[in-house]
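Structure assessment
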Amino acid sequence: MPIEQYIFLSLALFTIGIVGVLTRRNAIIIFMCIELMLNAVNLLLVAFSKMHHLKLMEVNPNAGTEGQLFVFFIMVVAAAEVSVGLAIIVLLYRNTRSVDVNFLNRLKH
Amino acid sequence: MSVTEILFYSLSAMAIGSALLVILSKNPVHSVLWLIVTFVAISGHYILLNAQFLGIVNMIVYAGAIMVLFLFVIMLMNLSTHKEAKKNKWLQMAGVLSGGLLLLVIVASLKGAEQATLVAQTNEGSIGLLENLGKTLFTDYVIPFEIASVLFLSAMVGAVVLGKKTETTKS
Amino acid sequence: MKSALQLVWFIPLLPLVGFLINGLLRNKLSKTAAGIIGSGVILGSFILSLLLFLQVKEGATFVSELFTFIKVNELSIPFAFQVDQLSALFLLIITGVGFLIHVYSTAYMHEESNSHFARYFAYLNLFVFSMLLLVLGNNFVIMFIGWEGVGLCSYLLIGYWFKNIDYTNAAKKAFIMNRIGDLGFLLAIFWLIAKVDTVTFATVFSAETLQVLTPTDITGITLLLFVGAMGKSAQLPLYTWLPDAMAGPTPVSALIHAATMVTAGIYMIARSNVLYTMAPFTQGVVAVVGLVTALFAATIALKQNDIKKVLAYSTVSQLGYMFLGLGVGAYTGAVFHVMTHAFFKALLFLGAGSVIHAMHHEQDIRKMGGLKKHLPHTHWTFFVGCIAIAGIPPLSGFFSKDEILAAAWSANKIYWILGVIGAAMTAFYMFRLYATTFLGKFRGTQEQEHHLHESPKAMVFPLIVLAVLSAGAGFLGVPAVLMENAHWLDQYLAPVFAASKELTAGHAHHLSHSTEYMLMGVSVGIAAIAIFYAVNKFSKNPDLEEPAGFGKVLANKWYVDEIYNAIIVRPLFALSNLLEKFVENKFINGIVNGSGRLVQYTARQLRYLQSGQVTNYVLLMVLGMIALFVVMYFTKK
């Protein structure tokens with residue numbers, strides 16, 4: 001498949017993630033949108049890795065491996081992030097009885 | 001239209017459609033379910049790109065573990081019955097507009113780039129297979145891999161500390 | 001004996017050491033110790049100067065370069081001392097008269113407390129150091145350092161009795177007036193640097209450098225230098241500080257404000273004589289300013305009743321004569337007059353100091369009179385000083401003044417006529433002073449009369465030495481008309497003024513002998529008449545009443561101070577007030593406070609951006625990204 005198609009697909013998913021972050025007030029939904037954005041980036045990374053591989057296959061049969069490993073590490077970080085993030089949200093809910101980010105302006109005061 | 005193309009477009013439509021539903025649905029539980037669908041579609045893309053390892057990991061870690069965690073938290077809080085307060089209309093509009101603008105601008109700036117000839121390899125190639133990735137991971141990337149375990153440990157500790165009931169929360 | 005020349009740097013160093021010792025240890029030294037150190041270092045300098053002078057007299061000149069003072073690109077200013085005929089002569093005057101005055105001061109200042117006594121000698125030594133630096137420097141910058149140094153010392157010594165507010169005001173006045181002149185000097189130095197990239201005398205006055213300078217440059221530089229000289233040497237219109245400078249102790253007036261510092265301007269112009277000879281316009285200005293000052297100050301001196309004020313205006317007037325001499329090209333005559341003036345004016349001031357000492361700090365001559373029998377030594381030395389300054393042969397004043405007047409005659413007859421009128425006035429007011437002070441009956445209180453006493457030896461000794469010098473110094477410059485080849489000073493200074501002589505060689509005309517006799521006769525005759533008239537008039541009935549009519553104008557110094565106040569000081573104050581009110585308060589404060597307020601205001605407005613809403617931040621972030629992409633897109637090559 002032409003790389004352009006992958007770029008547009010990732011871009012679309014990423015933008016949807018951004019719009020979600022910007023328009024929703026539920027902290028969990030915002031969190032999910034962030035995961036969506038991460039995934040859009042992951043997809044693009046894998047697509048680039050394969051593109052790279054196709055181009056340099058003859059020179060280096062392993063070309064592009066790093067890209068996929070990078071995605072792997074992103075997943076690792078994302079998993080850790082989600083566990084901490086959700087813990088924070090739970091704590092938040094316990095304190096405010098709400099997960100509305102609009103109430104999260106305590107730092108202003 | 002080859003089978004690959006058919007698969008690509010149908011998976012893309014599925015990903016975008018379910019992603020839209022994630023941000024549009026009112027009920028958080030529905031959002032989570034739609035996000036799982038999105039992830040499944042992305043995993044499909046990975047397999048299409050012959051990155052089977054990542055496809056499986058994505059399914060297990062994201063669509064499986066992480067999303068279940070989300071679902072668990074939502075159900076724990078009983079959020080599905082909560083009515084989410086409507087956001088300011090203007091802000092919503094501004095959000096959508098700026099998101100669209102970003103898309104437009106990036107597309108515009110990509111327009112001139114040389115990419116027409118570049119193609120991502122699909123259906124074949126062995127780099128995405130477990131054997132190759134495993135070898136690289138445990139030779140060249142063994143130190144980052146081990147450090148990642150430290151990251152996990154600290155995340156685990158953090159989650160436990162945060163989740164613990166503290167004196168202040170009791171009152 | 002090259003060694004004496006090598007030791008030139010010791011000459012200014014000794015007074016500096018004396019200054020440091022007296023200044024730093026002023027609370028520990030006894031009066032005797034301070035006096036011995038203060039006078040001793042000057043004596044050392046004098047002996048060295050004398051050795052140096054003997055060398056220079058043989059024709060040896062020398063430049064002793066100590067280190068490079070400033071080096072910027074092409075411009076290199078060495079810290080170097082130049083010993084030639086002119087500076088050697090000035091060294092002798094400064095250290096010689098300086099030493100006598102130091103000795104005199106040990107007695108005169110004896111009433112001061114220990115630390116103030118030492119402070120006085122420290123200042124005096126610092127002054128001598130600066131003055132030596134001024135005359136020894138081999139370039140304009142070193143000269144300027146000394147120039148500023150003597151200005152500072154003058155300020156410190158005028159305000160020596162700093163508890164009296166009038167005295168400190170006088171000190172400030174002197175300092176500010178000098179600053180105006182100094183600005184001219186500085187500008188001249190900058191002009192020189194800009195044009196020829198050097199300030200060293202030898203280079204500046206060399207033929208190659210002079211070719212680089214256009215006539216405009218030379219006229220400008222010389223005029224600016226003259227402005228500096230005006231300030232330091234108290235010429236119109238910057239002379240008013242000098243009479244006020246009499247607030248300082250009398251020996252200071254003698255040393256700084258009569259014998260040495262005020263002649264710095266003459267030294268500077270004599271040093272740059274080549275430049276002045278090449279700028280006829282400036283020479284005209286110098287001559288006219290000198291002449292006008294001489295007459296102007298002489299008229300004021302006619303009606304002053306303060307013994308020191310009379311001498312101060314007399315100094316201003318005599319300095320005017322020196323500038324007249326410089327202006328008409330009689331450089332030797334001007335330097336000659338500097339020397340003789342240093343002797344007799346120091347003598348007169350010290351004599352006045354002796355009188356003041358005896359009268360317990362009474363300076364009004366109307367309350368004196370008949371001091372002749374009480375102060376015999378002071379009386380006869382003062383008398384010698386008076387006839388010397390009046391220009392009666394064969395005392396020194398006659399020769400030097402006559403040389404200047406002769407040169408004035410050959411330049412412009414009107415100069416001469418006015419000069420002779422000034423000389424007559426000089427004779428008149430000096431003998432008015434003499435007659436009122438020493439002749440007639442004593443007019444003070446009984447108690448004062450009872451305490452009248454001759455001054456101690458330390459004060460009488462310098463008076464006698466100076467009296468001898470005042471009487472005899474004239475024979476160093478006997479004009480050719482009286483004795484062939486007897487003008488020793490002219491021959492001695494010839495190398496310094498050689499270049500100027502060459503320039504004017506074409507149109508220099510010698511006066512015939514008969515004309516010269518006539519000129520001498522007229523000036524001596526008029527002076528003699530003035531003397532007899534004054535002695536007759538004032539020894540019997542001195543004018544004790546307040547002067548009226550025109551005399552009042554003179555007694556009030558032509559109201560110059562008042563005029564300066566009205567046209568310069570007041571408008572300046574008014575302008576400052578105006579600036580304070582509008583520019584300072586409204587404009588500058590407006591900008592300063594306004595920028596503060598602007599920041600506060602914008603911050604208060606920008607604060608609303610910090611809503612604390614996470615979404616808003618994300619939105620702004622996205623907008624930022626968009627902006628970045630847009631920039632990237634449009635700047636893409």
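Residues numbered from 1 in each chain as written. Chains lettered and ligands numbered in written order. Predicted model: local features only at pLDDT ≥ 70, side-chain atom pairs only at ≥ 80, totals over all residues.

**Some words on the overall build of chain A**
- The secondary structure content of chain A amounts to three helices and zero strands.
- Within the span of chain A, comprising 109 residues, buried residues form 53% of the whole.
- Once local pairs closer than 6 in sequence are excluded, the contacts in chain A between residues at least 24 apart make up 49%. (Helix = DSSP H or I, 4+ residues; strand = E, 2+ residues; numbered from the N terminus. Buried ≥ 20, exposed ≤ 12 C-beta atoms within 10 Å, placed from the backbone. Contact = placed C-beta atoms within 7 Å.)

**Comments concerning the overall build of chain B**
- Within chain B one finds seven helices and zero strands.
- If you list the helices and strands of chain B from N to C, you get α-α-α-α-α-α-α.
- Within chain B, the proportion of its 171 residues that are buried is 28%.
- Partitioning the intrachain contacts of chain B with sequence separation of at least 6 by distance along the chain shows that 61% fall at a separation of at least 24.

**Details of the packing of helix H4 (residues 85-108) of chain C against helix H17 (residues 331-358) of chain C**
All names here are of chain C.
- The geometry of H4 relative to H17 is characterised by a closest axis approach of 11 Å and an angle of 5° between their N-to-C directions. Looking at the two axes, H4 sits roughly parallel to H17. In contact with Leu89, Ile93, Val97, Ile101, Tyr104 and Tyr108 of H4, H17 contributes Val335, Met339, Ala342, Ala346, Leu350, Gly353 and His357.
- In terms of residue class, the contact of H4 with H17 is made up of eleven nonpolar, two polar and no charged. (Axes fitted to C-alpha atoms, helices over the stretch in contact; angles between N-to-C directions. Parallel < 35°, antiparallel > 145°, perpendicular 65-115°, else oblique. Nonpolar A, V, L, I, M, F, W, Y, C, P; charged D, E, K, R; others polar.)

**Section: the environment of C:Lys537**
- Assignment of secondary structure puts C:Lys537 in helix H24 (residues 513-540).
- Residues C:Lys537 and C:Phe431 lie 106 residues apart in sequence; the distance between their C-alpha atoms is 9.9 Å.

**Details of the interface of chain A and chain C**
- Residue-level contacts link nine residues of chain A with nine residues of chain C.
- For the side of chain A that touches chain C, the class distribution of residues is six nonpolar, two polar and one charged.

**Brief notes about the environment of C:Ile193**
Residue and element names in this part refer to chain C.
- Its place among the elements puts Ile193 in helix H7 (residues 165-196).
- Given 17 C-beta atoms within a 10 Å radius, Ile193 is considered partly exposed.
- Separated by eleven residues in sequence, Ile193 and Val204 have C-alpha atoms that sit 9.9 Å apart.

**A closer look at helix H10 (residues 215-232) of chain C**
- Taking 1.5 Å as the rise per residue, H10(C) with 18 residues should run 26 Å; its terminal C-alpha atoms sit 26 Å apart, in good agreement.
- C:Ala234 occupies a position one or two residues after H10(C) and carries a positive phi of about 55°. (Expected span 1.5 Å × (residues − 1).)

**So, the interface of chain A and chain B**
- The interface of chain A with chain B comprises 61 residues on the first partner and 67 residues on the second.
- If you tally residues by element for the side of chain A that touches chain B, the top one is helix H3 (residues 65-96) of chain A, at 23 residues.
- Here the residues of the side of chain A that touches chain B sort into 42 nonpolar, 13 polar and six charged.

**A word on the pairing of strand E2 (residues 75-83) of chain C**
Residue and element names in this part refer to chain C.
- As judged from the nine bridges shared by strand E1 (residues 62-72) and E2, these two strands associate in the antiparallel manner. Bridge pairing links Ser64 to Phe81 in E2.
- Connecting the antiparallel pair E1 and E2 is a turn made up of two residues, with Asn73 showing a positive phi of about 50°. (Pairing = 2+ DSSP bridges.)

**Description of the packing of helix H4 (residues 89-111) of chain B against helix H27 (residues 614-635) of chain C**
- Between H4(B) and H27(C), the least distance of the axes is 9 Å, while the angle of their chain directions is 25°. Between H4(B) and H27(C), the angle falls in the class roughly parallel. Classified by chirality, the crossing of H27(C) by H4(B) is left-handed. Contact residues: B:Leu91, B:Ala94, B:Gly95, B:Ser98, B:Gly99, B:Leu101, B:Leu102, B:Val105, B:Ile106, B:Ala108 and B:Ser109 in H4(B); C:Thr615, C:Leu619, C:Val622, C:Leu623, C:Met625, C:Ile626, C:Phe629, C:Val630, C:Met632 and C:Tyr633 in H27(C). (Left-handed = near helix turned anticlockwise from the far one by under 90°.)

**Section: unusual backbone geometry**
- Note the cis peptide between C:Leu236 and C:Pro237, where omega equals 0°.
- Within the element layout of this structure, C:Pro237 appears in the loop between H10 and helix H11 (241-244).
- Even without being glycine, B:Asn50 reaches a positive phi, approximately 60°.
- With respect to the helices and strands, B:Asn50 occurs in the loop between helix H2 (28-48) and helix H3 (52-77).
- A positive phi angle, near 60°, is found at C:Asp197, a position not held by glycine.
- With respect to the element layout, C:Asp197 can be found in the loop between H7 and helix H8 (201-204).

**Digging into the confidence of the model for chain B**
- Mean pLDDT over chain B: 85, with 88% of residues reaching 70 or higher.
- The ipTM assigned to the predicted complex is 0.90, against a pTM of 0.66. (pLDDT = per-residue confidence, 0-100.)

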